[in-house]
Amino acid sequence: MKYLLFLVLAIHALLGCESRQVAAEDQAVEITKERLDYALAIHGGAGVIRRKNMTEEYEAEVREILAKALEIGENTLKSGQPAEQAVIAVISYLEDMPQFNAGKGAVFTYEGTNELDASIMRGKDLSAGAVSGVTGVKHPIQLAQKVMDESVHVMLSGIGAQQFAEEQGLEIVDPSYFHTERRHESWKKARAKADAKPQLSENGKFGTVGCVAMDQAGHLAAGTSTGGMTLKRWGRIGDAPVIGAGTYADDRSCAVSATGHGEYFIRYAVAHDVAARMLHGNKTLAQAGDEVIQQELKKAGGDGGIISVDRTGNIHMPFNTLGMYRGFVTPTNRGVAIFDDETF
């Protein structure tokens, strides 16, 4: 009787694993065992993103920007540069695009200012750099790279981060540079309804930008940049600059950049959890990503998604919201998508 019960449970477990693997592979955009020459994926945020709420002109505009970002990243990788340089180039470009909540398009805090966060990680040696609460650095992702390469620290914040940026010769702009009319109008409406508590996102969208890459040497890197949460207060910091939550890279497993409700991504160490499931649990990239995003995070009430690439160039971009601005490129394939019913 005990043997029969064990056999039934074993069969049930095997069937459960198989169904999760099929679901994961359905969302994977590359499945390969032999290493590709390079691979890169990007995101521009996840959330309540519906066709009916988006004009055709705006949709075309965003798709064009995502395609351009992929082109920038691919050209960097094809030239033989390391993965982190592709990540920096792509995110720097997206930080200049007011359509996304990073850099130029950053959302406003409760007080009506812009506070920027960013992080980057290199998979070959686990080096990382991050900044939070910066207000005058044009490209926060470049400052995060300087923290990684030119300091003994991992994270700098506020005035200190700004001073370090100036010492490193990065471009400093007046805080008014980040003021866009679209974001300011959204802030005024949100502020009018505020009750001293920040809203989770702007119209249900989490506008972080991110990039993950595998270079020709097989090394991985990940980066993330954001303006944070609309109406955030008291120096709030989300997951984007937190290594292991919003960004993680390890050549032994994968590179991950996240977007979503940051408090959940911090509590569940989402980016690191995906890598750990691969490294210690022998999961595939797709299995690990789906378990974290579609099961653990969703069960806890956390909305969002990730982009990820493993050491052979497999790419997976799971999300549990109605949409995620996303794209990928490899030597043989590429694509851009926004809505949840789009597949590659």
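These numbers come from a predicted model, not from an experiment.

Definitions and cut-offs
- In this numbering scheme, every chain counts its residues from 1 along its sequence in written order.
- For a predicted model such as this one, the threshold for reporting local features is a pLDDT of at least 70, and the threshold for listing and counting side-chain atom pairs is 80 or more; totals across whole chains, interfaces and linings nevertheless cover every residue.
- Side-chain metrics rest on all non-hydrogen atoms present in the structure, leaving aside hydrogens and water.
- Strands here mean DSSP runs of E at least two residues long; helices mean DSSP runs of H or I at least four residues long; both are numbered from the N terminus.
- Expected span of a helix: the number of residues minus one, times 1.5 Å.
- Axes here refer to lines fitted to C-alpha atoms; in helices the fit is confined to the stretch in contact. Angles between the N-to-C directions go from 0 to 180 degrees.
- Any angle between 65 and 115 degrees counts as roughly perpendicular, while under 35 counts as roughly parallel, over 145 as roughly antiparallel, and the rest as oblique.
- For any pair of crossing helices, the crossing counts as left-handed if the nearer helix is rotated counterclockwise from the farther one by less than a right angle, and right-handed if it is rotated clockwise.
- A contact between two residues is defined here by any heavy atoms of the two lying within 4.5 Å.
- Note on definitions: salt bridges are taken to be side-chain nitrogens of Lys or Arg within 4 Å of carboxyl oxygens of Asp or Glu.
- Burial here depends on accessible area, computed with a 1.4 Å probe over protein chains only, as a share of the maximum for the residue type. Under 20% is buried, over 50% is exposed, and the range in between is partly exposed.
- Whenever a nitrogen or oxygen atom comes within 3.5 Å of another N or O atom, the pair is scored as a polar contact, on the condition that within protein one atom can donate a hydrogen and the other can accept it, and that pairs from neighbouring residues in sequence are kept only if both atoms are in side chains.
- By the convention used here, strands pair only if DSSP detects at least 2 bridges between them.
- Aromatic pairs are defined between Phe, Tyr and Trp rings, using the six-membered ring for Trp, whenever the two ring centres lie within 6.5 Å; interplanar angles under 30 degrees are classed as stacked, those over 60 as edge-to-face, and all others as tilted.
- For a lysine, the NZ atom is tested; for an arginine, the CZ atom; a charge sits over a ring if that atom is within 6 Å of the ring centre and within 35 degrees of the ring normal.

Asker: Could you clarify how one ought to interpret helix α2 (residues 56–78) in this entry?
Answerer: Because an α-helix completes one turn every 3.6 residues, residues spaced three or four positions apart along the sequence face the same direction. The end-to-end C-alpha distance of α2, which contains 23 residues, comes to 33 Å, matching closely the 33 Å that a straight helix rising 1.5 Å per residue would cover. Gly80 sits one or two residues past α2 and shows a positive phi near 90°.

Asker: How should I be thinking about the packing of helix α8 (residues 270–281) against helix α9 (residues 285–300) in this particular structure?
Answerer: How two helices pack is summed up by the angle between their axes together with the distance between the axes. Contact pair α8 / α9: the axes reach a minimum separation of 8 Å and the direction vectors enclose 135°. The orientation of α8 relative to α9 falls into the category oblique. For α8 against α9, the interelement crossing comes out right-handed. Here Val270, Asp273, Val274, Arg277 and Met278 of α8 lie close against α9, whose contacting residues are Leu285, Ala288, Gly289, Glu291, Val292, Ile293, Glu296 and Leu297.

Asker: Would you mind showing me how to read the pattern of salt bridges here?
Answerer: Here the structure, examined in full by the defined rule, presents 15 salt bridges. Between Lys138 and Glu171 there is a salt bridge; the shortest N-O distance is 3.7 Å. Here the residue Lys138 occupies a position in the loop between β4 (128–134) and α4 (140–150), and Glu171 occupies one in the loop between α5 (158–167) and α6 (181–193), the gap between them amounting to 33 residues. For Glu171, a relative accessible area of 44% gives the class partly exposed. In this structure, a network of salt bridges that share partners links the residues Asp273, Arg277, Lys283, Glu291 and Glu296.

Asker: Help me understand the side chain of Thr321, please; the structure alone is not making it clear to me.
Answerer: Position of Thr321 relative to the elements: it lies in the loop between β12 (315–316) and β13 (323–329). Residue Thr321 is classed as buried on the basis of its relative accessible area, which comes to 14%. A distance of 3.3 Å separates a polar side-chain atom of Thr321 from the backbone nitrogen of Gly47. From its side chain, Thr321 meets the backbone oxygen of Gly323 in a polar contact 2.9 Å long.

Asker: Which parts of the structure should I look at to understand the pairing of strand β2 (residues 39–47)?
Answerer: Within β2, 9 of the 9 residues are buried, which leaves the element mostly enclosed by the surrounding structure. Taken together, the 5 bridges between β2 and strand β7 (residues 209–214) define a ladder with antiparallel strand orientation. Bridge pairing in β7 places Ala39 opposite Met214. Bridge analysis of β2 against β13 gives 6 bridges, and the strand direction is antiparallel. Residue pairing for β13: His43 is matched across the bridge by Arg326.

Asker: Honestly, the packing of aromatic side chains in this entry has me stumped. Any pointers?
Answerer: Considering all chains together, one arrives at 3 aromatic pairs under this definition. Measuring from ring centre to ring centre gives 5.9 Å for Phe100 and Tyr325, while their planes differ by 80°; the resulting arrangement is edge-to-face. Separated by 225 residues along the polypeptide, Phe100 in the loop between α3 (83–95) and β3 (116–122) and Tyr325 in strand β13 bring together distant segments of the chain. Judged by relative accessible area, which is 1%, Phe100 ranks as buried. Here Phe328 and Phe344 contribute two aromatic rings whose centre-to-centre distance is 4.9 Å and whose plane-to-plane angle is 80°, an arrangement assigned as edge-to-face. Here Phe328, found in strand β13, pairs with Phe344, found in the segment after β14 (334–339); they are 16 residues apart in sequence, far enough to count as distant. Assessed through its relative accessible area of 0%, Phe328 is described here as buried. Residue classification places Phe344 among the partly exposed positions, given a relative accessible area of 40%. Of note, Lys104 hangs over the ring of Tyr177, and the distance from its end group to the ring centre comes to 4.4 Å.

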